[in-house]
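# Inside the fold
Each chain is listed here by its residues.
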Amino acid sequence: MPDTRPDLHDLESSYQQWSDSAAQVLAKSKRVDVADLRGTPETLLSTTTPDALTIKPLYTRRDELDEPGLPGSYPFVRGSDRVRDVNMGWRVTERFGDPVGEPQDPAALNQAILEALNNGASGLWLTVGDSAIAPKDLAAVLDGVYLDLVPVTLDAGAAGIEAAQVLQPLLPDSATVGTVSSYGLAPLTAAFSGRPAVALADAIGVAASAGAAVRSIRVDGTDFALGGATDVQELALVTAAGVEYLRALTAAGLAVDKALNQLTFALSATDDQFGTVAKFRAIRRLWGRVAEVSGAPEAGGAVTHGVTALSMMSQRDPWVNMLRVTTATFGAGVGGADQITVLPFDVALPPADRTTSPSFSRRMARNTQLLLIEESNVAKVLDPAGGAWFVESLTDDLAASAWALFQEIEAKGGYQKALDDGWIGEQVSISLAARDEAVAHRTTSLTGINEFPNLAEKPLTTPGSADFVDLPTAAPNLARTARPFERLRDRSDAFLASHGKRPIAMLLPLGSVAEHNARTTFIANLLAAGGIESVNPGPLTADAIAAARATSGDPVVAVLCAANPRYESDGAGALAAAREAGFHTVLLAGPAKAWTDEQNAPDGYLQIGIDAISTLTELLDTIEAES
C-alpha cells in the first residue's frame, strides 16, 4: 500500500495552525495581545514532572520515534513475554501471610489461597518469617496449588534462605515468563529501606544453584519509591542495583545469560496513569540495554511485578483508594507488568479501625484487576499503548534520564558504594522534600485530603495513627503522601473530642453571592483540609459582623471573602469591624495585591499556592490557644 501519511511540510503547517489558534485562545484568556504572550503556546501549556521532564500539550507525528520492536525481543520495550496468554493477561498476584487480619493456621491459610485462586487470582505473594508463614509450613500452605501454573513470590526477609530451601523442591523443572516463581531475595534494595534481608553473599549462593523454574533475586524498586524517590530515581536505582547483582552473580561463576535469568524487578504503580505506563516500559528498555552491553541481549527481558503504592494510600476517605489503585493497576497492566498486586483499599488503616472484613477488602482488590482484564479487555493486546506518540516519548524520556542517573551512580563506584556513602539517601530525601512541598502547596492534589475533604466524615483512625504501617513490605522509610494533612485532621479530631466541636473559622463574605462565592468555596475547602470548620453566615456588611460572630460561637479566626473591587470599597471598614468584634486573627481570601489600604492590613492572605500545611498549622495553634 502507498504511504498516505502527510509529509513533514504538511505536519509543520498543521502544527503551526494549531499553535496560532491556541495563541489566540491564550491571549483572550489572559486579556493580552498575542504578541504579548510570554512564550509559545507549547511552552505555556506544557507541564513539568518531578523529574524535570516536559509534558507537551500536543503530540503528533512530529514526535514519532523508531519502532521499538516486537514483544519478547530486544529491547523488550513492548514486553518480555511474546507468548503471554491474552485471555489470562498479567498474573493477578494476591498477597497472603501478613500478620494482620489473616488466618495464620496453615490449613486455614491454604483454604483462603485456594479460594482466591478459584475466584480469579493467578499468582501468589507470600510473607514468610516471624509472625507470618513459618518456612516449614510452606508445603502445607501451598497444598493443592499447581505451581506449574501459579507463580509464587516469597517475601521472607531474613528467613529468605530457609524459605527458598523449602520452596525449591515444590517447584516444577521449568517455567515460562508467566509462571516463573521468585525467592524474592532483596538484600541490596532492602539495605536502603531498612527491611530485614539475607546477606548478599547468601543470596548469590542460592541463585548460583537455583533451578530453571525460579528467579532468586528481587530488585525491588518499591524500597525507593515508598521513601519518596521519583520515577527516574526508582528506575535508575533498580538498574544500578540490578547491575550490582549481575556482577556478583557472574563473579560467582554464572554465565551472563544465566545470571540475567536470576533477576526479577518490582516497581511501584501509582495513580499517575501515564507515568506508570511509561515506567514499566522504560525498565525493560533499560535492562535490555544492560543485557546488550553484557553480551547477552536475548536474555534481557525484565520480568516485572507491579505493586500499587502504599505511599499513595490515605487513611482519610479511604474509599478513594479504590480509585487510586484502579488507575495504578491500569497503568501497570497497559505498561506490560508480568504480575500485579493490588493492596486492599484500607491497608493504611490500623486493623482495629477498619470497617470492612478482610475478605471484602481482598475481593475488591482482586476484582479491580479482574474487571480490567475480563470486562475492560485491557490485556487482550500486548503493549496496547505502543505507538502512541505521547507514551513512546515519555518512555524514551524516562529511560534516557534514568540511564543518565544510572551512569552517575556508576561513576560514584556503583550502587553499593553510593548507598554506603549516603549519596542515594540524600538524593531520595531531596525528592521527598520536593514532593511534600508540592502537596503542602496543593500543586499536587490529593482527593479527599488536600482537595475536597469531607470534614463531616467520621474519623476511622485513632489519634497518632497517621504513620501506621502494618505490612512487612511497608519499609521503615515509608512516607505516605497524605500524612502531613492527616496529622492536622488528627488534631481536629482531638479538639472535637475535648471541646465538643471542631476548630472553627468564620467567613466574612462581602457583597453579593456572585462576588464572593468563588472565594468562600476556596477558603472552606482549604480550611477543611486542616480540619477547621468554616462558618458562612452569608453576605455581611461591616455593622453586622459583631452580631454574626456572637451567633456563631465567638470564633477567634475570620476570613474576609470578596471580589477585589469590593475589598477596595468595603474592605477597610469590614476589617476594622472584625477587629472591634473580637477576632484574634483576620485573614484575606486572595493575594496581597488585592488589598489597597496599606495603613490597616489583614494578618495574612489565603490564596492559591500558599503553604497550606504551615498556614493551617498556625491557625490550629491560634484556635487551640484561644480555646
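This one's a predicted model, so the numbers in the text were calculated from it and none came from an experiment.

## A word on the pairing of strand S7 (residues 214–220)
- Most of S7 sits out of view: 7 of its 7 residues are buried.
- Bridging between strand S6 (residues 181–185) and S7 involves 3 bridges; their strand directions are parallel. Within S7, the residue paired with Leu185 across the bridge is Ile217.
- Inspection of the sheet shows S7 paired to strand S8 (residues 263–269) by 4 bridges, in the parallel sense. Bridge pairing links Asp220 to Ala266 in S8.

## So, the environment of Ala241
- Among the structural elements, Ala241 can be located in helix H9 (residues 231–251).
- Judged by its relative accessible area of 0%, Ala241 falls in the buried class.
- Sequence spacing of Ala241 and Ala107 is 134 residues, and the spatial spacing of their C-alpha atoms is 38 Å.
- Residue contacts for Ala241: discarding those within four places in its chain leaves Leu188, Thr189, Val219 and Tyr415.

## Here's the deal with unusual backbone geometry
- Along the chain, Tyr74 connects to Pro75 via a cis peptide bond; the corresponding omega equals 5 degrees.
- With respect to the helices and strands, Pro75 occurs in the loop between strand S2 (54–55) and strand S3 (91–96).
- In this structure, Ala52 takes a positive phi of about 65 degrees despite not being glycine.
- Note on placement: Ala52 falls in the loop between strand S1 (47–48) and S2.
- Of note, Phe452 is a non-glycine position whose phi angle comes to about 55 degrees, a positive value.
- Counting through the fold element by element, Phe452 comes out in the loop between helix H16 (423–440) and helix H17 (483–499).

## Comments concerning the packing of aromatic side chains
- Following the criterion strictly, the structure yields 9 aromatic pairs and no others.
- Between Tyr59 and Phe390, the ring centres sit 5.1 Å apart and the planes meet at 40 degrees, which makes this aromatic pair tilted. Highlighted residues: Tyr59 in the loop between S2 and S3 and Phe390 in helix H14 (residues 389–411), separated in sequence by 331 residues.
- By relative accessible area, which is 15% here, Tyr59 ends up buried.
- A centroid spacing of 4.9 Å and a plane angle of 50 degrees characterise the contact between Trp403 and Phe406, whose relative ring orientation is tilted. Placement of both Trp403 and Phe406 in helix H14 is noted, with a separation of 3 residues, approximately one turn of the helix.
- Aromatic rings pair up to connect Tyr59, Phe274 and Phe390 into one cluster.

## A look at the nonpolar core
- Counting 113 residues, the largest nonpolar core has Ile113, Leu124, Leu126, Leu154, Tyr183, Tyr415 and Ile424 as its most contacted members.
- Sort the elements by how many residues they give to this core and H9 lands first, with 11 residues.
- Ignoring anything within four residues of it in the chain, the contact list for Leu126 reads Phe96, Ile113, Ile133, Leu138, Leu142, Val152, Thr153, Leu154 and Asp155.
- Counting residues in hydrophobic clusters, the runner-up holds 49 residues, among them Ala482, Leu575, Trp595 and Ala612.

## Things to note about the layout of surface pockets
- In this structure, the largest pocket encloses a volume near 1,200 Å³.
- Pro50, Asp231, Thr270, Asp272 and Arg435 are the residues nearest the centre of the largest pocket, which is lined by 45 residues in total.
- Only S1, H9, helix H11 (273–294), helix H12 (320–334), H14 and H16 provide two or more residues apiece to the lining of the largest pocket.
- Per-element tally for the lining of the largest pocket: the top contributor is H16, with 8 residues.
- Among the residues making up the lining of the largest pocket, the classes are represented as 20 nonpolar, 16 polar and 9 charged.

## Digging into the sheet that holds strand S13 (residues 557–561)
- Spatially, 5 strands are ordered S12-S11-S13-S14-S15 in an open sheet, and the strand pairing comes out parallel. One side of each edge strand has no neighbouring strand; the edge strands of this open sheet are strand S12 (533–535) and strand S15 (604–606). Neighbour-to-neighbour, the strand axes of this sheet turn through a mean angle of 30 degrees, independent of strand direction.

## Regarding the side chain of Asp223
- Tracing the backbone through its elements, the reader meets Asp223 in helix H8 (residues 222–225).
- Its relative accessible area of 1% is what places Asp223 among the buried residues.
- A distance of 2.9 Å separates a polar atom in the side chain of Asp223 from a polar atom in the side chain of Thr189.
- Here Ser193 takes part through its side chain, which lies 2.7 Å from a polar atom of the side chain of Asp223.
- Among all residues touching Asp223, those that are not within four sequence positions of it are Thr189, Ala190, Phe192, Ser193, Arg195, Ala475 and Asn477.

## Considerations on the environment of Ser80
- The topology assignment puts Ser80 in the loop between S2 and S3.
- On a C-alpha basis, the gap between Ser80 and Ala505 in space is 56 Å, while along the polypeptide they are 425 residues apart.
- The contacts of Ser80, once residues within four sequence positions are left out, are Gly72, Val177, Arg284, Gly301, Ala302 and Val303.
- A polar contact of 2.7 Å, which involves the side chain of Ser80, links it to the backbone oxygen of Ala302.

## Overview of the UniProt feature "domain: Methylmalonyl-CoA mutase alpha/beta chain catalytic" (unreviewed entry) in the chain
- Under the feature "domain: Methylmalonyl-CoA mutase alpha/beta chain catalytic" (unreviewed entry), the UniProt entry names residues 200–460.
- Structurally, residues 200–460 comprises 54% helix and 8% strand, and the distance from its first C-alpha atom to its last is 41 Å.

## Some points on the environment of Ala158
- Summarising the element assignment, Ala158 is placed in the loop between strand S5 (152–155) and helix H5 (160–167).
- For the pair formed by Ala158 and Ser359, sequence separation is 201 residues and the distance between their alpha carbons is 29 Å.
- Excluding its chain neighbours within four sequence positions, the residues that come into contact with Ala158 are Pro196, Ala197 and Val198.

## Regarding the confidence of the model for the chain
- Put simply, the chain has an average pLDDT of 93, and 96% of its residues get 70 or more.
- Below a pLDDT of 50 lies the segment residues 469–473, which in the model reaches 20 contacts outside its immediate sequence neighbourhood of four places, other chains included.

## Brief notes about the packing of H9 against H14
- It is the contact of H9 with H14, at a shortest axis distance of 8 Å, that shows an interaxial angle of 50 degrees. Viewed along their axes, H9 and H14 adopt a mutual orientation that is oblique. Between H9 and H14 lies a crossing of right-handed hand. Where H9 approaches H14, its residues Asp231, Val232, Gln233, Leu235, Ala236, Leu237, Thr239, Ala240, Val243 and Arg247 are matched on the opposing element by Leu398, Ser401, Ala402, Leu405, Phe406, Ile409 and Glu410.
- Broken down by class, the residue content of the contact of H9 with H14 amounts to 11 nonpolar, 3 polar and 3 charged.

About the cut-offs
Residue positions are given per chain, counted from 1 along the sequence in the order it is written. Since the coordinates come from a predicted model, pLDDT governs what is reported: local features require at least 70, and pairs of side-chain atoms require 80 or more to be given and counted, while whole-chain, interface and lining totals use all residues. In computing side-chain properties, one takes all heavy atoms of the structure into account and sets aside hydrogens as well as water. Under the scheme applied here, a residue whose accessible area is under 20% of the maximum for its type counts as buried, over 50% as exposed, and between as partly exposed, the area being computed with a 1.4 Å probe on protein chains only. The way it works is that DSSP assigns letters per residue, a run of H or I at least four long becomes a helix, a run of E at least two long becomes a strand, and they are numbered from the N terminus. Whether two strands pair depends on DSSP finding at least two bridges between them. Any two residues having at least one pair of non-hydrogen atoms within 4.5 Å are treated as being in contact. Aromatic pairing here means that ring centres of Phe, Tyr or Trp (its six-membered ring) are within 6.5 Å. Orientation follows from the plane angle: under 30 degrees is stacked, over 60 is edge-to-face, and everything else is tilted. Buried Ala, Val, Leu, Ile, Met, Phe, Trp, Tyr and Cys residues form a nonpolar core when they are joined through side-chain atoms within 4.5 Å. We place a 1 Å grid over just the protein atoms. Points where a 1.4 Å probe fits but has no way out form a cavity, open points with protein on both sides within 12 Å along at least 5 of 7 lines form a pocket, and any residue with an atom within 4 Å of a point lines it. Grid points are joined across faces, edges and corners, and a volume is the space filled by probe spheres set on the points. Three residue categories are used. Nonpolar comprises Ala, Val, Leu, Ile, Met, Phe, Trp, Tyr, Cys and Pro, charged comprises Asp, Glu, Lys and Arg, and polar comprises the others, including Gly. Geometry is summarised by axes, namely lines fitted to C-alpha atoms with helices restricted to the contacting stretch, and by angles between N-to-C directions that run from 0 to 180 degrees. What qualifies as a polar contact is a pair of N or O atoms within 3.5 Å, subject to a donor-acceptor requirement within protein and to the restriction that residues adjacent in sequence count only when both atoms come from side chains. UniProt positions are given in the numbering used here, feature names are shortened, and annotations may be inferred rather than shown by experiment. Confidence of the predictor at the level of single residues is captured by pLDDT, which takes values from 0 to 100. Just so you know how the angles are binned, under 35 degrees is roughly parallel, over 145 roughly antiparallel, 65 to 115 roughly perpendicular, and the rest oblique. Crossing handedness is defined as follows: a turn of the near helix away from the far one that is anticlockwise and smaller than a right angle gives a left-handed crossing, while the clockwise case is right-handed.

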